Amino acid sequence: LVDDSPDVLETMGMLLELEGATVTSAASGAAALTVAVGQSFDLIISDIAMPEMDGMQPIKKLREMPPLADVPAVALTGYGGTVIINSVRAAGFSDYLCKPVPMDQLIEKVSNLLPVRDGER
């Protein structure tokens, strides 16, 4: 989970953990790249409007790391529209959610993108 807002990291992380997820948080794109080295994840969720390094830059670099090349990734954006959708997909995101993200939409999106394990998501 990558977002420059401490409130978003805390709230969204807590909501995902309540649903059974193990969440690794990063407060910037650079921090996400550092955390990701040598790791594997089931899903990446990243804000795209962050200072210094927007969410498009780290997802491109994460896609170059073999364990993360094909991991589903969701972009968090305050904007919608065809241009944003096309640019987040071109950067390497699987899908996107518009902020503020309703809990039910977050859980549905995550459930749809995660692989099924032992009959559970």
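Presented here is an overview of the structure given in this document.

A few points about the pattern of salt bridges
Step number 1: Following the criterion strictly, the structure yields four salt bridges and no others.
Step number 2: For Arg89, the salt bridge identified is with Asp95, shortest N-O distance 3.3 Å.
Step number 3: The exposure class assigned to Arg89 is partly exposed, which follows from its relative accessible area of 42%.
Step number 4: According to the relative accessible area criterion, Asp95 is buried, its value standing at 16%.
Step number 5: One continuous salt-bridge network, built from bridges that share partners, spans Asp3, Asp47 and Lys99.

A few points about the environment of Ala26
Step number 1: Looking at where Ala26 falls in the secondary structure, it is placed in the loop between α1 (6-18) and α2 (29-36).
Step number 2: Residues Ala26 and Met103, 77 residues apart in the sequence, show an inter-C-alpha distance of 20 Å.
Step number 3: Every residue in contact with Ala26, bar those within four places of it in the chain, is listed here: Leu1, Val2, Asp3, Leu9, Ala31 and Ala32.

Details of the nonpolar core
Step number 1: Ranked by size, the top nonpolar core spans 18 residues in total, and within it Ile59, Leu62, Val88 and Phe93 carry the most contacts.
Step number 2: Elements with a contribution of two residues or more to this core: α2, α3 (56-62), β2 (73-77) and α4 (82-91).
Step number 3: Top element by residues in this core is α4. It accounts for four residues.
Step number 4: Once residues within four sequence positions are removed from consideration, Leu62 is found in contact with Leu33, Ala36, Ile44, Leu68 and Ala69.
Step number 5: Core analysis: the second largest hydrophobic core is formed by 14 residues, Leu76, Leu97, Ile107 and Val110 among them.

So, the side chain of Ser46
Step number 1: Topologically, Ser46 is positioned in strand β1 (residues 44-47).
Step number 2: Overall, the relative accessible area of 5% leaves Ser46 in the buried class.

Quick look at the pairing of β2
Step number 1: Taken across its five residues, β2 has five buried, putting it largely inside the fold.
Step number 2: Going residue by residue along β2, you find Ala73, Ala75 and Thr77 tucked away on one face and Val74 and Leu76 tucked away on the opposite face as well.
Step number 3: Here four bridges tie β1 to β2, and the two strands are oriented parallel to one another. Residue pairing for β2: Ile44 is matched across the bridge by Ala73.
Step number 4: Pairing analysis gives four bridges linking β2 to strand β3 (residues 95-98), with the strands arranged parallel. What sits directly across from Thr77, in β3, is Cys98.

A word on α2
Step number 1: For α2, the complete set of buried residues consists of Gly29, Ala32, Leu33 and Ala36. In an axial view of α2, the angular spread of the buried residues amounts to 100°, which keeps them on one side of the axis.
Step number 2: Tucked inside the fold, the buried residues of α2 contact α3.
Step number 3: In the segment just after α2, Gly38 is the residue with positive phi, at about 75°.

Here is what the cut-offs are and how they apply
- In this numbering scheme, every chain counts its residues from 1 along its sequence in written order.
- This being a predicted model, a pLDDT of at least 70 is required before a residue's local features are given, and a value of 80 or more before pairs of side-chain atoms are given or counted; all residues contribute to the totals for chains, interfaces and linings.
- In computing side-chain values, all of the structure's heavy atoms are included and hydrogens and water are not.
- Salt bridge criterion: a side-chain nitrogen from Lys or Arg within 4 Å of a carboxyl oxygen from Asp or Glu.
- Each residue's exposure class comes from its accessible area (1.4 Å probe, protein chains only) as a fraction of the maximum for that residue type: buried when under 20%, exposed when over 50%, partly exposed otherwise.
- Strands are runs of DSSP state E lasting at least 2 residues, helices are runs of H or I lasting at least 4, and numbering of each runs from the N terminus.
- We call two residues contacting when some pair of their heavy atoms lies within 4.5 Å.
- Think of a nonpolar core as a cluster: buried Ala, Val, Leu, Ile, Met, Phe, Trp, Tyr and Cys residues, connected wherever their side-chain atoms sit within 4.5 Å.
- Between any two strands, pairing holds if DSSP finds at least two bridges.
- Note that the arc is defined by the directions from the helix axis to the C-beta atoms.

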